[in-house]
Amino acid sequence: AQKITQTQPGMFVQEKEAVTLDCTYDTSDPSYGLFWYKQPSSGEMIFLIYQGSYDQQNATEGRYSLNFQKARKSANLVISASQLGDSAMYFCAMREGGTQGGSEKLVFGKGTKLTVNP
Amino acid sequence: NAGVTQTPKFRILKIGQSMTLQCTQDMNHNYMYWYRQDPGMGLKLIYYSVGAGITDKGEVPNGYNVSRSTTEDFPLRLELAAPSQTSVYFCASGPSGSLNTQYFGPGTRLTVL
């Protein structure tokens, strides 16, 4: 079974509007972390936001926020006030386990291609 | 800080050739990782290291080898290149004990013909 599922291969949004990119995850470990990365056409992986499984509040970083619904095992990325430069691939990833023994391995979803239209 | 650097940026190999992908980080991170990204897919972990002298297999280690003689360097070796190894390879590093972010290098685009 896939550990990270991104069901939207592609999404379109108008400039200045908000958009939500979906991510669901599967784990039985009580301690885990969820990440979102952006990959523009240039290819680099850019860290956007992180949510820990024990965090009480949803993570926010500027225009990015993570809608964390633990019972539903979802960690959707919300981008507010979309900009043309937000057009890119977006990957959701999960780290399972504690902080010992190299458990900081990440498992990635297949990604969502976001296109921001002017 | 340069962060995570990778060389080369691009490489074309013939089937059966070998090569080493270089990765260096200057952030004094204990943890380092190698991922591959096939077209239209997310990243898959090849090997990782929790410190100098310690390495372990990830999800897709076959056909690759690694070593970690220093904190800074984590080279990835392809011994007998195959077309299935055509991919983009990313090196990443992260501090030990941290629950968040890994820092990625710019990637190496490898084609095996």
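See the structure printed just above.
Residues numbered from 1 in each chain as written. Chains lettered and ligands numbered in written order. Predicted model: local features only at pLDDT ≥ 70, side-chain atom pairs only at ≥ 80, totals over all residues. Heavy atoms only, no water.

### A look at the state of the cysteines
Next, step 1: Tallied over the full model, the rule gives two disulfides over all chains.
Next, step 2: Disulfide pairing is shown between A:Cys23 and A:Cys92; the S-S distance is 2.0 Å. Taking the sign of the S-S torsion, about -65 degrees here, the bridge from A:Cys23 to A:Cys92 comes out left-handed. Of the two residues, A:Cys23 is situated in the loop between β3 (19-21) and β4 (24-25) and A:Cys92 in strand β10 (residues 88-96); the sequence distance between them amounts to 69 residues.
Next, step 3: When its relative accessible area of 0% is taken as the criterion, A:Cys92 is described as buried.
Next, step 4: The partner cysteine of B:Cys23 in its disulfide is B:Cys91, sulfur to sulfur 1.8 Å. Measuring handedness by torsion sign, the sulfur bridge of B:Cys23 and B:Cys91 sits at about -70 degrees and is left-handed. Here B:Cys91 lies in strand β9 (residues 87-94) and B:Cys23 lies in strand β3 (residues 19-25), a separation of 68 residues in the sequence. (Disulfide = S-S within 2.5 Å. Helix = DSSP H or I, 4+ residues; strand = E, 2+ residues; numbered from the N terminus. Buried < 20%, exposed > 50% of the residue type's maximum accessible area, 1.4 Å probe, protein only.)

### Quick notes on the side chain of B:Gln25
All names here are of chain B.
Next, step 1: Here Gln25 lies in strand β3.
Next, step 2: Within polar-contact distance, the side chain of Gln25 engages the backbone oxygen of His29 at 2.8 Å.
Next, step 3: Not counting residues within four places of it along the chain, the set of residues in contact with Gln25 comprises Gly3, Val4, Met32, Arg68, Thr71, Glu72 and Ser93. (Polar contact = N/O pair within 3.5 Å; in protein donor to acceptor, adjacent residues only side chain to side chain. Contact = heavy atoms within 4.5 Å.)

### Some remarks on the sheet that holds strand β7 (residues 64-66) of chain B
All names here are of chain B.
Next, step 1: As summarised here, the arrangement of the four strands in space is β1-β3-β8-β7, forming an open sheet in which the pairing is antiparallel. The open sheet has two edge strands with one neighbour each: β1 (4-7) and β7. Within the sheet, the average angular offset between the axes of one strand and its neighbour, ignoring direction, is 20 degrees.
Next, step 2: Note that β1 and β3 share four bridges and pair antiparallel. Along β3, the bridge assignment pairs Thr5 with Thr24. (Pairing = 2+ DSSP bridges. Axes fitted to C-alpha atoms, helices over the stretch in contact; angles between N-to-C directions.)

### Things to note about the packing of aromatic side chains
A ring pair, where both rings are aromatic, is described by two values, the distance of the centres and the angle of the planes.
Next, step 1: In this structure the tally under the stated criterion is 14 aromatic pairs over all chains.
Next, step 2: Ring centres of A:Phe108 and B:Tyr35 lie 5.6 Å apart, and the angle between their planes is 85 degrees; this geometry places the pair in the edge-to-face category. Linking A:Phe108 in strand β11 (residues 106-108) with B:Tyr35 in strand β4 (residues 31-37), this pair reaches from one chain into another.
Next, step 3: On the basis of relative accessibility, which here comes to 9%, the residue A:Phe108 falls in the buried class. (Phe/Tyr/Trp six-rings, centres within 6.5 Å; stacked < 30°, edge-to-face > 60°.)

### Some thoughts on the pattern of salt bridges
Next, step 1: Under the criterion given, the structure shown has four salt bridges over all chains.
Next, step 2: In this structure, the salt-bridge partner of A:Arg63 is A:Asp86, at a minimum N-O distance of 2.8 Å. In this pair, A:Arg63 is assigned in the loop between β7 (60-61) and β8 (64-69) and A:Asp86 in the loop between β9 (74-79) and β10, connecting sequence segments 23 residues apart.
Next, step 3: For A:Asp86, a relative accessible area of 2% corresponds to the buried category.
Next, step 4: Here B:Asp38 makes a salt bridge to B:Arg36, at a shortest N to O gap of 2.8 Å.
Next, step 5: By relative accessible area, which is 26% here, B:Asp38 ends up partly exposed.
Next, step 6: Of the residues examined, B:Arg36 reaches a relative accessible area of 10% and is grouped as buried. (Salt bridge = Lys/Arg side-chain N within 4 Å of Asp/Glu carboxyl O.)

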